[in-house]
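Spelled out from the first residue to the last, the chains are:
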Amino acid sequence: MCSPEEAALLRLEEVHSATLARINSLILQPLLSADPEPSEPQARECLRLLQELHRSSQELWEATEESLRSLWERQHHPHSIGLESLLLLRSPDRVLQVHMEYIESYTSCLVVQAFQKVAKRKSEYWRGQRKALRQLLTGMSSECSVGTTLAQALRQPLTQHVQQYVLLLLSLRDTIGERHPAKQLVMHAVTLFGNLQSFMGQALDQAVATQALWHTLSSRQRDVLCTPAHRLLQDSQDVPVTVTPLRAERVLLFDDALVLLQGHNVHTFDLKLLWVDPGQDRCMFHLLTPEEELSFCARDPQSQVVWQWKVTQAVCQALRGKKDFPVLGAGLEPAEPPACRCGSYTFRAEGRLCQATYEGEWFRGRPHGKGTLKWPNGRNHVGNFCEGLEQGFGIHLVPQAAEDKFDCYKCHWQEGSMCGYGICEYSSDEVYKGYFQDGLRHGFGVLDCAPQGPQPFRYTGHWEKGQRSGFGIQEDSDRGERYIGMWRADQRHGPGVVVTQAGVCYQGTFQVDKMVGPGVLLSEDDSLYEGAFTRDLTLVGKGKVTFPNGFTLEGSFSSGTGKGLYTQGVLDTAALPPDPSSTCKRQLGLGAFPVESRWQGVYSPFRDFVRAGCPGDLQEALLGFHVQSSRELRKSQEYLCCERSHPEDSAGSVEDILEELLQHREPETLQQYLRKALSNVRHPLGKLLQTLMLTFQASYAGVGANKHLQGLAQEEVKQHAQELWAAYRDLQVHGLMLPLVLPSFYSELFTLYLLLHEREDSLYSQGIANLSLFPDTKLLEFLDVQKHLWPLKDLKLTTNQRYSLVRDKCFLSATECLQKIMTTVDPREKLEVLEKTYGEIETTVTRVLGREHKLPMDDLLPLLIYVVSRARIQHLGAEIHLIRDMMDPVHIGGLYDFLLTALESCYEHIQKEDMRLRHLPGHWDSRELW
């Protein structure tokens, strides 16, 4: 048998289902019946709210019917269907939800006075239905208006029904035993519907208070504030409070906004972006907003507690996005809203953020974390913020007047300004990659104008406060020239060198972008001018020209009416032609720009990075970052999804780099580690080397591949090796770092050596070509190699065998060994090749003599000339000079120095005229060797 409580629940649901059906036919359907679609916005809003109320009423009726069926089945089959099958116990959350949705729809209609407005439109109809409406109500006065009657008819049956739910469920809880399987379900349902009863009471009270509020406001204030979503939580007319600095006449706290009324002005603050900050005074507390700090002062501590508590709870409720259940703060400890939040806000105050909308993370009233700033004109910034300012990596787009043209800044920011490394793509097709400070280019950077631009150029060098300043290189593609030197205030200023595509070089002092005073001009044919220039690099005034043949012309120079050059002076033809090697002394720039100060803008960020312990915010400046192009960013508008490669992607933690490096104390293991680091562009050392390579190519590749710059380039490579090792002292730079660094610069550097020693190598090549015409025995004889050192002396072979042996085996191992000097770039390895070549020569001589034999210089030199002539090494002069310039000073005076000196002697002998023109063989018979 079912309990009396279950029977009472069955009757209660039957009555409630019938009441809901009657409310639908008597009230809701007529409210929505065949009136034309209203034209006024307010009327359309009322209609929408009534339609929503009708929908929620239908869902409530359907849930009641389902509950009724479950009670009926339990009533008729008590033995087979348990108590837990009742919908109220099986799915109380669903029943609860449909009740809450109905209450929400009903209170929204109540707040905007939808029932009164509809009643006015059909006043005759509703007056005729007043008697039927009163039958749905108890305790209703006959003097109430139609609108009030409609509101009561739609609310009272529901509130009474929920009250009966609670009473019957409490009674059911008390009648069943503690061990009953449905005991916990009943207790849960009692709690839920008890909370629902409290929630309904609070929701209805708030709606009634909000509806009453509109009558106390001016029409203008009412038009701004009267919305279905608003629920009044507190009014300063009930609990007085004053607000500064706005001096509000009235303060209204809604469930989604704080409103300050000041005359005709309505100041609205979104609760999601409101932070409560308790004050020192017991009668005061502060509210932080994105643009203002408001101070609330109450008459007494109790009023202050009421306001602060209600504002705090309202903020928590707004952040959760739904109304508190069961009741605002009931039975709960006072919640504290999080200091960090996400939200959107449009700034109104004058300033750089005026009309900008920020969407992202906040902290205590300020943008803080990841977010996006957008201005109405299309300008926007996406990235990290700190206390309201751009901080860390960010992408900034600035629209330009031209259609679909933006300046795109992908940079690091500090306190709202670009500071650190960045890549900027300008609408003018210029691209800057380098460092910033206070929003201006500062430090090392590269400004590149595309070839299709109006004035294509590339500047690689240092900047100060947005202007080119310090050491830098600029290449002008249109004029076909490159400037290497000092800058000030965006103009060439100080010592500088100009190299042209035609091979002409100028060196002098520049002021305000023009050359002034005495200078030097070196032409492609090695003619040298020393004297004065005009500002456009034309010879003028006193000067001296030294021609390649040694002649000199000293006098005064001037430009004629045409393009010619006029001079009046003395031509001296008595001088002898200069030694070709003297051109090596004609090196430009040496001493003008000290090598240790040229690229401090590249070294300094690296040193700061290492000294700071490799912090994460500096890693991208050295390791680089990848982001979408500005065009892709504009198309996608997914600014927060910009792709960046992070330092963690590289092997190993950057913070461990220094410690790991210092673990390798043995030169060989340390060199292996360094080689691996330098070859990896994701490693700070590798990234630094890559940047230095960029500066080297900007200086000495293309137009800069001029023999008169070889000295600058050579000392620069040495300096780079020294600077790379500066952070990790205690070992020799030449022996450890230079061999690792040199390959990165070798191509451009060796080209300069080739150009500088082109004339010498040409003479050497002619000598080699002539010596190659000699058969081996004739060449040994021609070089005055003592016959007892010839490898054929003791061989007893036939003529054909001897001929074959001479051709194939005569010092062949030494020849093949020497050819390996071209396969390496390391000066030490080249010297090791030379040492092995010497060893192979001595081994051959020892075998011929049948005893160990050390060759004196008189014997070694002709044998070495023989091996060099047979090795046919191209550009041997460039190789020798590069080895001499870049070799470790520790080897000076040792065996390597001796062998290199011997090789230099061979090179000089082969260049001599008697090697090129005299004693050339005729046409020998192939058997004349013997």
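Everything quoted here is computed from the prediction, not taken from an experiment.

Each helix and strand in the chain was counted, giving 28 helices and 27 strands. Looking at the 930 residues of the chain, the share that counts as buried comes to 49%. Partitioning the contacts of the chain with sequence separation of at least 6, the portion at a separation of at least 24 is 51%. Surface exposure of the chain reaches about 44,600 Å², of which carbon and sulfur atoms provide 50%.

Quick look at the packing of helix α20 (residues 758-771) against helix α27 (residues 895-911) now. Relative orientation of the contacting elements α20 and α27 amounts to 75°, with a least axis distance of 7 Å. Looking at the two axes, α20 sits roughly perpendicular to α27. Across from Glu760, Asp761, Leu763, Tyr764, Gly767, Ile768 and Leu771 in α20, the residues of α27 making contact are Tyr907, Ile910 and Gln911. A per-class count over the contact of α20 with α27 returns six nonpolar, two polar and two charged.

What follows concerns the nonpolar core. Judged by nonpolar contacts, the single largest core of 77 residues is most densely connected at Ile27, Tyr106, Phe115, Trp126, Leu150, Leu154 and Phe193. Apart from residues no more than four positions distant in its own chain, Trp126 is found in contact with Leu26, Ile27, Pro30, Leu31, Val118, Ala119, Leu133, Val146 and Leu150. Residues Ile473, Phe606, Val610 and Ala713 belong to the second largest nonpolar core, which totals 56 residues.

With that settled, the discussion passes to the sheet that holds strand β4 (residues 257-262). Read across the open sheet, the four strands follow the order β1-β3-β4-β5; overall the sheet is antiparallel. Each edge of the sheet is formed by a strand with only one pairing partner; in this case those strands are β1 (232-235) and β5 (265-270). In this sheet, adjacent strand axes meet at a mean angle of 20° when their direction is disregarded. Summarising the sheet, β1 and strand β3 (residues 250-254) pair through three bridges and their orientation is antiparallel. Note on β3: the bridge partner recorded for Gln234 is Leu253.

Scanning the entire structure with this criterion turns up zero disulfides. Free of any disulfide, Cys411 has its nearest neighbouring cysteine sulfur in Cys424, separated by 3.6 Å.

Next up on the list: the pattern of salt bridges. A pair can form between side chains of opposite charge whenever their charged atoms are brought close. Considering all chains together, one arrives at 28 salt bridges under this definition. A salt bridge links Lys830 to Glu879; the shortest N-O distance between them is 2.8 Å. In this pair, Lys830 is assigned in helix α24 (residues 827-849) and Glu879 in helix α26 (residues 876-886), connecting sequence segments 49 residues apart. An identical accessibility class is assigned to Lys830 and Glu879; each is buried.

Okay, a nonpolar patch on the surface next. On the surface, a cluster of nonpolar side chains totalling about 240 Å² of accessible area is made up of Met857, Leu895 and Phe898. Tracing the backbone through its elements, the reader meets Phe898 in helix α27. Overall, Phe898 belongs to the partly exposed group, its relative accessible area being 34%.

On to the sheet that holds strand β7 (residues 284-288), then. The strand order across the open sheet formed by four strands is β2-β8-β7-β6, and the pairing between neighbours is antiparallel. Only two strands of the sheet have a single neighbouring strand rather than two, namely β2 (241-244) and β6 (275-278). Taken pair by pair, the neighbouring strands of this sheet meet at an average axis angle of 25°, ignoring direction. Bridge count for β7 against strand β8 (residues 293-298) is five bridges, and the pairing is antiparallel. Across the sheet, residue His286 finds its bridge partner in β8, namely Ser295. Against the sheet, helix α11 (residues 301-320) contacts β2, β6, β7 and β8, and its axis sits at roughly 25° relative to β7.

For α26, the tally of buried residues reaches eight of eleven residues, placing the bulk of the element in the interior. Of the residues making up α26, those classed as buried are Leu876, Gly877, Ala878, Glu879, Ile880, Leu882, Ile883 and Met886.

Here β6 runs beside β7; their pairing, made up of four bridges, is antiparallel. If you follow Pro278 over to β7, its bridge partner there is Phe285. With antiparallel pairing between neighbouring strands as the criterion, β6 and β7 make up a hairpin whose turn holds five residues.

Here we take up the packing of aromatic side chains. What describes a pair of aromatic rings is the distance from one ring centre to the other and the angle between the planes of the rings. This model, assessed by the stated rule, comprises 30 aromatic pairs. Where Tyr529 meets Phe557, the ring centres are 5.4 Å apart and the plane angle is 90°; that geometry is what we call edge-to-face. One end of the pair, Tyr529, is in strand β24 (residues 528-533); the other, Phe557, is in strand β26 (residues 552-559), with 28 residues separating them in the sequence. Among the aromatic residues, those joined into a ring-pair cluster are Tyr432, Phe436, Tyr459, Trp463, Tyr483, Trp487 and Phe510.

Attention now moves to the side chain of His161. Examined against the element boundaries, His161 turns out to sit in helix α8 (residues 146-175). Its relative accessible area of 3% is what places His161 among the buried residues. Engagement of the side chain of His161 in a polar contact is seen with the side chain of Glu13, the distance being 3.1 Å. Sequence-distant contacts of His161, that is, excluding residues within four places in its chain, are made with Leu12, Glu13, His16 and His99.

This paragraph deals with the environment of Thr227. As for its position among the elements, Thr227 is in the loop between α10 (219-225) and β1. Beyond its immediate sequence surroundings of up to four residues, Thr227 is in contact with Val111, Val112 and Trp214.

Definitions and limits used
Residues numbered from 1 in each chain as written. Predicted model: local features only at pLDDT ≥ 70, side-chain atom pairs only at ≥ 80, totals over all residues. Heavy atoms only, no water. Helix = DSSP H or I, 4+ residues; strand = E, 2+ residues; numbered from the N terminus. Buried < 20%, exposed > 50% of the residue type's maximum accessible area, 1.4 Å probe, protein only. Contact = heavy atoms within 4.5 Å. Areas by Shrake-Rupley, 256 points an atom, 1.4 Å probe, with all protein chains shown as cover. Axes fitted to C-alpha atoms, helices over the stretch in contact; angles between N-to-C directions. Parallel < 35°, antiparallel > 145°, perpendicular 65-115°, else oblique. Nonpolar A, V, L, I, M, F, W, Y, C, P; charged D, E, K, R; others polar. Core = buried A, V, L, I, M, F, W, Y, C linked by side-chain atoms within 4.5 Å. Pairing = 2+ DSSP bridges. Disulfide = S-S within 2.5 Å. Salt bridge = Lys/Arg side-chain N within 4 Å of Asp/Glu carboxyl O. Patch = residues over 30% accessible without salt bridge, like charges linked within 9 Å, V, L, I, M, F, W, Y side chains within 5 Å. Phe/Tyr/Trp six-rings, centres within 6.5 Å; stacked < 30°, edge-to-face > 60°. Polar contact = N/O pair within 3.5 Å; in protein donor to acceptor, adjacent residues only side chain to side chain.

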